Amino acid sequence: MNAIEVDELKRSYAEGFEAVRGISFSVRAGEVFALLGVNGAGKTSTVELLEGLARPSGGSVRVLGHDPYSERAAVRHRTGVMLQEGGFASELTVAETARMWAGCTSGARPVEEVLGLVGLAGRRADVRVKQLSGGERRRLDLALAMLGRPEVLFLDEPTTGLDAEGRRDTWELVRGLRDEGTTVLLTTHYLEEAEELADRLAIMRDGRIVASGTPAEVTAAQPAHIRFLLPAGVEEDRLPQALRATVEGRRVEIRTTTLQETLRELLQWAHEQNVTLEALDARSGSLEEAFLDIARADDGEPGTAKAEVAHA
Ligand SMILES: Nc1ncnc2c1ncn2[C@@H]1O[C@H](COP(=O)(O)OP(=O)(O)OP(=O)(O)O)[C@@H](O)[C@H]1O
């Protein structure tokens, strides 16, 4: 069953600017789905439509089978929302803020429990919101989004402003929620975050989806890299032509779509030449490379990016 279905969705702002230009994707129940894209690609504009905060100018959205805008009452209590900027009353403490939200939420988790999940229980709970660090505010945002045990959780850049440890804690939390069956849609600028968390993802550019699939599918089109240092006493032209290596100083790089085969040829050559390949490093294409490839493409046409795979 799909928890979220998006079909030819469009969003125009008052000035006529089209921020979302007909995107389609679906998120299965219990899945973590990531929306990626450079600044201004249209991620937040999309997420706000899924949250029912605005009416689409075209196409449709279904969350748990309902239109989140026109059937808000049917959806709202089953979803949790973490916006980019939570609007808190800055004089209240963390615990007071959470209790206030719990009071407006049916079936809320105990406040202590939810604050404990994000590391804001105990003495941190008595700190006024205005005194929290940026990262702690993000964690309070997350706590409030989880308060009502939502079936679908929207997280807009959940780890922006968090330090490395806070980011990893949030990832653990999201994985835990997924294991409990929560559907999570998140936006992020961190490719590592998408790689760590997302079952599937979509990359947006200029209001369109230009690549989508599992992280492995999206990266599959990227060439792998082999790097090493040219052995002392070996001239560049002794490297096998077929490997099409590029050499800068002593640094050698080979880009290949058949990593295992190319590596075998290289190691065979090194064996025959009786040389050691210092600093040898072989790695598959990464989501980051796929993303940069797509973000850099300036053709403006959907469906032509190199890393495109089957649309969700
Ligand atoms: N209220 C608005 N009125 C007019 N244009 C807007 C409005 N809100 C956003 N935009 C424009 O729509 C485009 C998409 O913005 P959006 O915030 O959805 O991007 P994003 O992918 O979430 O970016 P970021 O990563 O910076 O959060 C941008 O060009 C932005 O300037």
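The shown structure was predicted, so the numbers you read here are calculated from the model rather than taken from an experiment.

## A closer look at the pairing of strand β6 (residues 152-156)
- Burial of β6 is extensive: 5 of the 5 residues sit out of reach of the surface.
- Burial along β6 is two-sided: the face carrying Val152, Phe154 and Asp156 and the face carrying Leu153 and Leu155 are both buried.
- Sheet analysis places strand β5 (residues 79-82) next to β6, joined by 4 bridges and oriented parallel. Bridging from a neighbouring strand, Val81 pairs with Phe154 of β6.

## Examining the environment of Ala102
- Checked against the element boundaries, Ala102 lands in helix α3 (residues 94-103).
- Of the residues examined, Ala102 has 18 C-beta atoms within 10 Å and is grouped as partly exposed.
- When residues no more than four places from it in sequence are discounted, the contact partners of Ala102 are Ala108, Val111 and Leu147.

## A short note on the site of the ligand
- As a structural note, the neighbourhood of the ligand is formed by Tyr13, Glu15, Phe17, Ala19, Gly37, Asn39, Gly40, Ala41, Gly42, Lys43, Thr44 and Ser45.
- With 3 residues, helix α1 (residues 43-50) is the largest single contributor of residues to the shell around the ligand.
- Looking at the shell around the ligand, its residues break down into 4 nonpolar, 6 polar and 2 charged.

## A word on the packing of α3 against helix α5 (residues 134-146)
- Here α3 crosses α5 at 25 degrees, and the two axes come no closer than 10 Å. Put simply, α3 runs roughly parallel to α5. Seen along the crossing, α3 lies across α5 with a hand that is right-handed. Mapping the contact onto sequence places Val94, Thr97, Ala98 and Trp101 in α3 and Leu140, Ala143 and Leu144 in α5.

## Brief notes about helix α9 (residues 259-273)
- Taking 1.5 Å of rise per residue, 15 residues should cover 21 Å, and α9 covers 21 Å from first to last C-alpha, within 8% of that figure.
- Once α9 ends, the next one or two residues include Asn274, with phi positive near 60 degrees.

## What about the nonpolar core?
- Ala34, Ala143, Leu185, Leu201 and Ile203 are the most contacted members of the largest nonpolar core, which has 63 residues in total.
- Looking at this core, the element that brings in the most residues is α5, giving 6 residues.
- Not counting the four nearest positions on each side in its chain, Ala143 is found in contact with Ala98, Val114, Leu115, Leu117, Val118 and Leu120.
- Counting residues in hydrophobic clusters, the runner-up holds 6 residues, among them Ile226, Phe228, Leu230 and Val252.

## Description of the sheet that holds strand β2 (residues 18-28)
- In space, the 3 strands of this open sheet follow the order β2-β1-β4, with antiparallel pairing throughout. Unpaired on one side and paired on the other, β2 and β4 (58-63) mark the two borders of the sheet. Here the strands of the sheet are splayed against their neighbours by 15 degrees on average, with no regard to which way each runs.
- When strand β1 (residues 2-12) meets β2, the two strands line up antiparallel, connected through 8 bridges. Across the sheet, the residue bridging to Asn2 is Arg28, located in β2.
- Sitting on the sheet, α1 is in contact with β1, β2 and β4, with an inclination near 120 degrees to β1.

## Quick notes on the sheet that holds strand β8 (residues 200-205)
- Ordered by their spatial adjacency, 6 strands build an open sheet running β5-β6-β7-β3-β8-β9, and the pairing between neighbours is mixed. Where the open sheet ends on each side, the last strands, each with one partner, are β5 and β9 (208-213). Taking the axes of each pair of neighbouring strands and ignoring which way they run, one obtains an average angle of 15 degrees across the sheet.
- Note: β8 against β9, 5 bridges, orientation antiparallel.

So, how was this worked out
- Residues numbered from 1 in each chain as written.
- Predicted model: local features only at pLDDT ≥ 70, side-chain atom pairs only at ≥ 80, totals over all residues.
- Buried ≥ 20, exposed ≤ 12 C-beta atoms within 10 Å, placed from the backbone.
- Helix = DSSP H or I, 4+ residues; strand = E, 2+ residues; numbered from the N terminus.
- Pairing = 2+ DSSP bridges.
- Contact = placed C-beta atoms within 7 Å.
- Near = placed C-beta within 6 Å.
- Nonpolar A, V, L, I, M, F, W, Y, C, P; charged D, E, K, R; others polar.
- Axes fitted to C-alpha atoms, helices over the stretch in contact; angles between N-to-C directions.
- Parallel < 35°, antiparallel > 145°, perpendicular 65-115°, else oblique.
- Left-handed = near helix turned anticlockwise from the far one by under 90°.
- Expected span 1.5 Å × (residues − 1).
- Core = buried A, V, L, I, M, F, W, Y, C linked by C-beta atoms within 7 Å.

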